[in-house]
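The residues making up each chain are set out below.
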Amino acid sequence: MSKISRDEVAHLAGLARLAVTEAELDTFAGQLDQILDAVAEVGEVAADDIPPTSHAVPVTNVFREDEVRPGLTREQALAAAPAAEDDRFRVPRILTEEA
């Protein structure tokens with residue numbers, strides 16, 4: 001018994017904006033049935049005692065270790081700023097408070 005009807009295939013084709021022939025409706029219905037069967041088999045095999053995995057092989061982090069290094073002082077950071085006010089960068093207002 002087909003799980004996917006021709007009408008459902010036609011509806012899916014319409015959503016995807018695909019033009020399909022009458023013969024293709026039958027072909028696609030059979031192919032979609034096979035896909036659903038394969039997905040159902042995977043669902044049956046999945047066991048609760050198997051942890052989820054994101055990679056088939058172990059992956060290690062290749063980033064460097066975090067090291068605290070000295071940064072700019074507030075004065076050094078603001079020295080190259082076009083405008084500063086109250087020890088902060090001053091930027092032009094781009095929004096108005098219109099109500």
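Because the structure is a prediction, the values reported are computed rather than measured. In this convention, every chain numbers its residues from 1, walking through the sequence in written order. Given that the model is predicted, a residue must reach a pLDDT of at least 70 before its local features are reported, and side-chain atom pairs must reach 80 or more before they are shown or counted; all residues, however, enter totals for whole chains, interfaces and linings. To obtain the side-chain values, all non-hydrogen atoms of the structure were used and water was disregarded.

A. Expanded view of the packing of helix H1 (residues 6–15) against helix H2 (residues 22–45). For helices, the fitted axis covers only the stretch in contact; all axes are lines through C-alpha atoms, and the angles between them, taken along N-to-C directions, range from 0 to 180 degrees. Secondary structure elements are taken from DSSP: a helix is a run of H or I of four residues or more, a strand is a run of E of two residues or more, and numbering for both begins at the N terminus. It is the contact of H1 with H2, at a shortest axis distance of 9 Å, that shows an interaxial angle of 100°. The angle between H1 and H2 falls in the class roughly perpendicular. Contact residues: H1 offers Arg-6, Val-9, Ala-10 and Leu-12, while H2 offers Glu-22, Leu-25, Asp-26, Phe-28, Ala-29 and Leu-32. Gly is put with the polar residues, along with every residue not named as nonpolar or charged; the nonpolar set is Ala, Val, Leu, Ile, Met, Phe, Trp, Tyr, Cys and Pro, and the charged set is Asp, Glu, Lys and Arg. The residue makeup of the contact of H1 with H2, split by class, is seven nonpolar, no polar and three charged. Angle categories are assigned with fixed cut-offs, so that under 35 degrees is roughly parallel, over 145 is roughly antiparallel, 65 to 115 is roughly perpendicular, and the rest are oblique. Every residue pair with non-hydrogen atoms within 4.5 Å of one another is taken to be in contact.

B. Spatial organisation of the pattern of salt bridges. Salt bridge, as used here: a side-chain nitrogen of Lys or Arg that lies within 4 Å of a carboxyl oxygen of Asp or Glu. The final tally for this structure, using the stated rule, is six salt bridges. Between Asp-87 and Arg-74 there is a salt bridge, with its nearest N and O atoms 3.9 Å apart. Taken together, the residues Asp-87 in the loop between strand E1 (84–85) and strand E2 (88–89) and Arg-74 in helix H3 (residues 74–79) connect sequence positions 13 residues apart. We note that Asp-87, like Arg-74, is exposed. A salt bridge links Asp-86 to Arg-88; the nearest nitrogen and oxygen atoms lie 3.9 Å apart. Burial status follows relative accessibility: with a 1.4 Å probe on protein chains alone, a residue under 20% of its type maximum counts as buried, one over 50% as exposed, and anything between as partly exposed. The exposure class assigned to Asp-86 is exposed, which follows from its relative accessible area of 59%. Connected through salt bridges with shared partners, the residues Arg-6, Glu-22 and Asp-26 form a single ionic network.

C. Molecular detail of the side chain of Asp-33. As for its position among the elements, Asp-33 is in helix H2. Here Asp-33 sits buried without a salt bridge, and the closest side chain of opposite charge, Lys-3, lies 5.9 Å off (N-O distance). Pairs of N or O atoms within 3.5 Å make up the polar contacts considered here, provided that, within protein, one atom can donate a hydrogen while the other can accept it, and that residues adjacent in sequence are counted only when both atoms are side-chain atoms. Side-chain polar atoms of Asp-33 contact the backbone nitrogen of Lys-3, separated by 3.0 Å. Charge counting treats Lys and Arg as positive and Asp and Glu as negative, with His and both chain ends excluded.

D. Fine view of H2. Helix span, as expected, comes to 1.5 Å for every residue beyond the first. In this model H2 runs 36 Å from its N-terminal to its C-terminal C-alpha over 24 residues, within 8% of the 34 Å that 1.5 Å per residue would give. When H2 is considered as a whole, its buried residues turn out to be Leu-25, Ala-29 and Asp-33.

E. Representation of the environment of Ala-19 in the model. Note on placement: Ala-19 falls in the loop between H1 and H2. On the basis of relative accessibility, which here comes to 79%, the residue Ala-19 falls in the exposed class.

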